[in-house]
Amino acid sequence: MSGFVDHSAELDKYGEDEQDVGSGEEETEYGNRRQNDNGTHASDDENEDREDSSEEDEEEDEEEMAKIREGFIVDDDEEDEEVSDGERERRRRRRRKRRREMSENGEDGDRHHRDDEELDEDDLDLVMENTGMNVRKSSEGPMSKRQRRIDEGLIDIFSDEEKEGEDESVRPANRRGVLDEFAGFIEDDEFSDEEQVQDQLQASKKTISGKTQRAAIPGVDEEQIGEIFEIFGDGDEYAWALEAEEMEEADAYDEEQPVTELKDVFEPSELQERMLTDEDNAIRAKDEPERFQLARKAFSSYELSDLEYIFEEKWLVKLMSETKKDWLSRNSDLEQSFERSVKKVLEFFVRDQLEVPFIWQHRRDYLLHELPKQSNEANDELSAERLLTQDDLWTILNLDIKFHSIIEKKHSVERLVSSLSINDGSIDEFLQIAETLQEYQDCWDYIMFRYSARMKDAASAIASKGNGEEITNGATATVKRPNSRYSAFERIRSSQVYTLVRAFGISAEQFGLNFAEDKKLHFTEDPDSYPLEIAEQIANGDFLNDPAPYTDAESALQAAKNMFAEEIFHDLRTRNFLRKNIIRALVRINVHATDKGKKIIDESHKYYRFKYARNIEISDILNDPEMFVEMLHAESESLIDLRFKIFHFDAFFQKVAQNFLSDNVSDIAEAWNKERRAVLRMAMDKLILLMCREVREDLRTSCQQAIALKCRQALLDKLDQAPYKPLGFELGTAPRVLTLSNGMGIPGKDATVAVYLDDQGRVLETAKLGEPRDDEFKNLFVELVKRRKPDVIGMAGFSIASLRLRKAILDIVESENLTVYVEEEATEEERPIEVIWVNDEVARLYQNSARSTEEFSELAPMLRYCVGLARYVQSPLLEYIAMGDDINAIEVHPLQNLLPRELLKESFDTAFIDMVNLVGVEINEAIRDPYIGNMLQYVSGLGPRKASGMLKAISSSANGYLNDRSELVTKHIAGKNIFMNCASFLRIPWEDQAYRTDVSEILDSTRVHPEDYELARKMAADALELDEEDLVDLEGQGGVVVRLMDDDPDKLNELILVEYADELRRNFNQRKRATLEMIKDELQHHYEEMRKPFRPLDENGVFTMLTGETSETLHTGIVVPVNIRKVTDRYLVARLSCGIDGNVSAMEMTSRTDVPYPSSLFYFGQTVRAKVLSINYGTFQAELSTRDEVVEDAIRSALRYNGKRDPEKWDDFEEDRDRAKLAAKKESEQRTSRVIKHRLFKPFTAKQAEEYLAPLQRGDLVIRPSSMGFDHIAITWKVAENVYQHVAVLELEKENDYSLGRVLKIGDSKYSDLDELIFMHIQAMVRKVDEMMASEKFQKGSRADVERWLTTYTEANPRRSNYAFCLDTKNPGYFCLCFKAGLHSKIVTWPVKVIPNGYQLFSAVYPDVQGLCNGFKTIYKDRMQRK
């Protein structure tokens, strides 16, 4: 077995690989790379000049840095209060050591001493152009000048308030100096004229010196070089000619050779897939968060007027108050604070272009309501009530998009009104109160109906002027031809028939006002004539202007009624009042099963809970969104119909009619009221249908969003896990992991494999360990653990056989005393290596994915499965992110597949965004490792396009990495908005020596945003009680923050932060109380791990992983089929289909008293039904009952609904009627077609049975009616491909023609039930067929193929004979025994019959193939002797 262990990867003295496979060469090149400002490699002479010019300064800097490193101490997160300061320092030191080993592996040590680069004038110009900041030069050294320029520029970017009336002559002496308690937050960047003149002189000197610099020539001194240049010149005299020639060549090349673009090389679909289209590049270039751009790209303009913005604030507060009405009812005193918080968040989104993670992290003060301090409280801790959650922030963001859709519709309506020059008071009044998309659509429909003739004329005028021209009136709007359905109404409006509409005595607008006010403000007047009389007068008249005259009174009256109903249907006030005040209160939902649904949805179906649901209210739907989504899915499958209706419609209609009908009492009034009722009924039917469609769509959207929110929360719970914590290290440190699995655990087939990953995530070793019962397994495992020293051992598998593997591992760990490796300076005691169950939902998908094949093509799928397990232990977040679109395959909610794909992806993305920004991204590691780089797309302000652009920009920069966050701006990698959003979430660890320079900022390793760096420095200075002179001295020593880290970060606890916060709010109008708390925490613990500890699988999770069952699919009371594995008089041992074992006590075997021993009714291998009495998910054990009455009662209970149904919301009558119909239908079918209650019974003919079994496995069967009569049934089973045997079964002791006989007989064998017959007869023959086909004497192919093989064999071996078996396809259930005694002998064939547990050759029976072969030889020998 040792040959399967990879020993090629050996550890160096640090415990790491000598060479990182596939990446070591690249890292070496990266570590040795040094470049100058122009991006080229610096020469040795240039390096020497630079080193000579600043040799003394560098020696002093190195001494100071050595002192700082020697005394550098940063407190880590304390696991408990009893951990000492020295212990924290040791843990921190060990982590730094591990990080150094990771960074130094394959890289040159000279990288730690890279030469500092100073920004040239071009860089400074670009900085000022991009950021709008002024850069001041001073007499300080180059490093301090660069630091000052960067910091002052960033301060200018983050300044929210402009200083007015400030005395320019008063300036702080130093950038970090403090004139008073709160001075120095914002600095003036104006420069004096004298300084500008000095800058220009220095720039000119630098230019001159750059031009006159001469290159050194080896072996020639400087004096000789001067003589050479005096005689021959330096070559610059003719530079102008060379430049002109190059320009001409470039121009000629540009004219002759067009530039090749990506779209000329790749297909548009490929560019779109790779996000390289022009639109994608525009998104990368625009200084706006990518997710904002994608969400807003559907709008022509996202800018709102001041009035529209105020309207959005009110609209948003109203909706959010409805969403959080329960919370507001409990905290009514916070209503105003809640309103201010919502408005502020909207401002952050719309005006400041800030994303949710930034607001949550750095604007949290606006999301909190600080509670007043009690008089007896002396501490400085923040006490506040949270007004908005992260979920609320995402909701506000989505509502903002929705509001802009409404505004877009509003602008469309306004342009249409202006284009048609409409002056309608109803429209003007309605546009002032409209708030929803439906209301603006109402206005649009009203214009289309009322002014269709004007729109038609406008469209004709446009067509007469030519294509592309538009008729406008102060606004840009394209006038489209109205829908043709409005033409008929326009003809009525322009004809004499409209007088009949006016004869109804009330207009649609007047009725709408009565309806909205629920009283008669306008009374209905009756004409002097009957409706038909007026209609007849109109029909008999001469209508020259009517293009479609009505020739009879009935037609004219019906046309008028249709017109009037349409006017009521389009009335704005009627629609608005009905939608807001009536529909949602009175609408009810009824469920009606279709004919297909009545057959499929039986009492065990999941949809049965709403099969006969009636009068479902909207509140019921909102309380159970899953039910409505299931209803919609069932309707899409044509199982049910959802019908919306108005509760007590007749009463509602009568109340509405009171404000429409005439109060007069006469025959004419009665006749007109009859017609008015018909008109109102037509209008209400259309209105209710329209409103119900809207309600249906609103409910669908609300329920889907509710489920999407649950999916988001479930995924967040999965992501909220830190890496497994190694012993002696702080939370968040990646462990060394050894993972094992034996797959299905089938002995002799599935070997145990193992994979080891180091703390950098590299696969250093794979091993095949064999069977756990072998001694070799133990030796290999112990040797592997002792050599690799893992921090944890992870396990997973596909069946309960993994339990035996886990037990073997635990026994080895205990017996061999395998402990966690602890470094020498650690004080923790050694402990046994923990063996944990690992969630394998990601690893199962990973093992056969394209990603795993690309990464580890040489590994077997089970080894890739173990790699996925180990990576999950090291970082669940990274593994889930790396899945990409495959994340949809992870089940976080049972109905997630019923959601729109875009909505589900959005919910998952928000979860990733929140968690990634909580953890942060080490940007330089993301550049180096694409696995970590996957996180960058979820950083605030970024997305997949901007993340790839950022990585490319950093990689192509001078260094290929970031020294500090400010380089995102100074190197033009990110604009102001993007930098504002993402800066604090991009981490550059201070302890990582590989990227640290003299200007590196320790705050870049914290969650503190650059806009708050001055606050952090101010807090550090006050904690150390340093004055301004001390701060000046610290300028070149890493700053005051580093001094605080070296001294004691706990001194920050002595600061009174509430006073800081009050001063900031008073002087700068900034709320920073929570921000100050965050800064204090970050200065004490840099980017402290805020996720929950790693969670191994609990017993329910392990049960589901190994069995595939959950507590919902396998629970107490359920009836399951079990297979008897052991029979005794006291108990039975049965195995469930999921692999767990169950115990049946003697009392639970049977209730029959006619048998002396209950165990006599059972035998090994028998399949019976059993009820689960109890189940232990931890031990994989169940208690069962096989008593017939217990099983039958459990089945009836499962089918019977035990809860209480509201008779008003369930149609019992319809349910009983369907049951009766179904029972009658079943009885009728049984009379014509035999039906047997068994899971394998199918009402098939012989041909149908063969077609059904064709795609199934060998040995599968169906039970079907027999053509031999009601006293027979037939069993068809698959012998081989296209070979099926039909077995006739005689039934004895039948109660009637349709019942199954108590005794079943095949030949001379009798069986008591079908399960016994199947196991003892059919499956026994299947086993014998399998045994024969696995024999070496079996030949695949037909009988003719075997005969040809025998002929060929004897021709090659004339003196030898041979024989072989093959399938007898003409006689299913038989094999052909073909043999040839010699070259000249004939081929003889004997039939071999397969019988239960044996083979029959002539009259002899043999138990196995070997006995059959021996029997054949004996029979043949006897016959030859007799001859």
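Refer to the structure printed above.
Just so you know, these numbers come straight off a predicted model, no measurement behind them.

**Focus on unusual backbone geometry**
Phase 1: Of note, H972 is a non-glycine position whose phi angle comes to about 60°, a positive value.
Phase 2: Looking at the element boundaries, H972 is found in the loop between α43 (967–970) and α44 (976–982).
Phase 3: Given a relative accessible area of 36%, H972 falls into the partly exposed group.
Phase 4: Not every positive phi belongs to a glycine, and N1282 is a case in point at roughly 65°.
Phase 5: Looking at where N1282 falls in the secondary structure, it is placed in the loop between β18 (1272–1280) and β19 (1283–1292).

**Some points on the pattern of salt bridges**
Phase 1: Under the counting rule described, the total for this entry stands at 82 salt bridges.
Phase 2: Among the salt bridges present, the one from E414 reaches K410, with a minimum N-O distance of 4.0 Å. Of this pair, E414 and K410 both sit in helix α18 (residues 390–419), four residues apart, which is roughly one turn of that helix.
Phase 3: For K410, a relative accessible area of 16% puts it in the buried group.
Phase 4: Close ionic contact of D811 with K807 constitutes a salt bridge, the shortest N to O distance being 3.3 Å. Of this pair, D811 and K807 are both found in helix α34 (residues 801–815), four residues apart, which corresponds to roughly one turn of the helix.
Phase 5: Overall, D811 belongs to the partly exposed group, its relative accessible area being 37%.
Phase 6: Taking relative accessible area as the criterion, K807 reaches 55% and is therefore assigned exposed.
Phase 7: Salt bridges sharing common partners tie together D442, D445, R575, R579 and E694.

**Looking at the side chain of S875**
Phase 1: Looking at the element boundaries, S875 is found in the loop between α37 (861–874) and α38 (876–882).
Phase 2: Judged by its relative accessible area of 10%, S875 falls in the buried class.
Phase 3: Reaching out from S875, the side chain makes a polar contact with the backbone nitrogen of L878 at a distance of 3.2 Å.
Phase 4: For S875, the contacting residues outside a window of four places in its chain are P723 and R1091.

**Concerning the pairing of strand β6 (residues 752–757)**
Phase 1: The buried fraction of β6 amounts to six of the six residues, a majority that puts the element mostly inside the structure.
Phase 2: Of the two faces of β6, the one holding T752, A754 and Y756 and the one holding V753, V755 and L757 are both buried throughout.
Phase 3: Direction of pairing for strand β5 (residues 737–741) relative to β6: antiparallel, over a ladder of five bridges. What sits directly across from L740, in β6, is A754.
Phase 4: The sheet contact formed by β6 and strand β7 (residues 763–770) spans six bridges and is antiparallel. Following the sheet pairing, Y756 is matched in β7 by E765.
Phase 5: Connecting β6 to the antiparallel partner β7 that follows it, the hairpin turn spans five residues, and G761 within it adopts a positive phi of roughly 80°.

**Things to note about the sheet that holds strand β9 (residues 834–837)**
Phase 1: Here five strands make up an open sheet; going across it, the order is β7-β6-β5-β8-β9 and the pairing mixed. The open sheet is flanked by β7 and β9, the only strands paired with a single partner. Pairs of neighbouring strands in the sheet enclose a mean axial angle of 20°, with direction left out of account.
Phase 2: Together, β5, β6, β7 and β8 (792–795) form the strand contacts of helix α33 (residues 775–788), whose direction differs from that of β7 by roughly 165°.

**Quick word on the sheet that holds strand β26 (residues 1404–1406)**
Phase 1: Read across the sheet, five strands follow the order β22-β23-β24-β25-β26 without closing on themselves; strand pairing throughout is antiparallel. Two strands in the sheet have a free side with no partner beyond their single neighbour: β22 (1362–1367) and β26. If you compare each strand with its neighbour and ignore which way they point, the axes differ by 30° on average.
Phase 2: Across three bridges, strand β25 (residues 1398–1401) lies against β26 in antiparallel orientation. The partner of Q1400 across the bridge, within β26, is V1405.
Phase 3: Each of β22, β23 (1374–1380), β24 (1387–1395) and β25 touches helix α54 (residues 1314–1333); the most contacted strand, β24, lies at about 145° to it.

Criteria and cut-off values
Residues numbered from 1 in each chain as written. Predicted model: local features only at pLDDT ≥ 70, side-chain atom pairs only at ≥ 80, totals over all residues. Heavy atoms only, no water. Helix = DSSP H or I, 4+ residues; strand = E, 2+ residues; numbered from the N terminus. Buried < 20%, exposed > 50% of the residue type's maximum accessible area, 1.4 Å probe, protein only. Salt bridge = Lys/Arg side-chain N within 4 Å of Asp/Glu carboxyl O. Polar contact = N/O pair within 3.5 Å; in protein donor to acceptor, adjacent residues only side chain to side chain. Contact = heavy atoms within 4.5 Å. Pairing = 2+ DSSP bridges. Axes fitted to C-alpha atoms, helices over the stretch in contact; angles between N-to-C directions.

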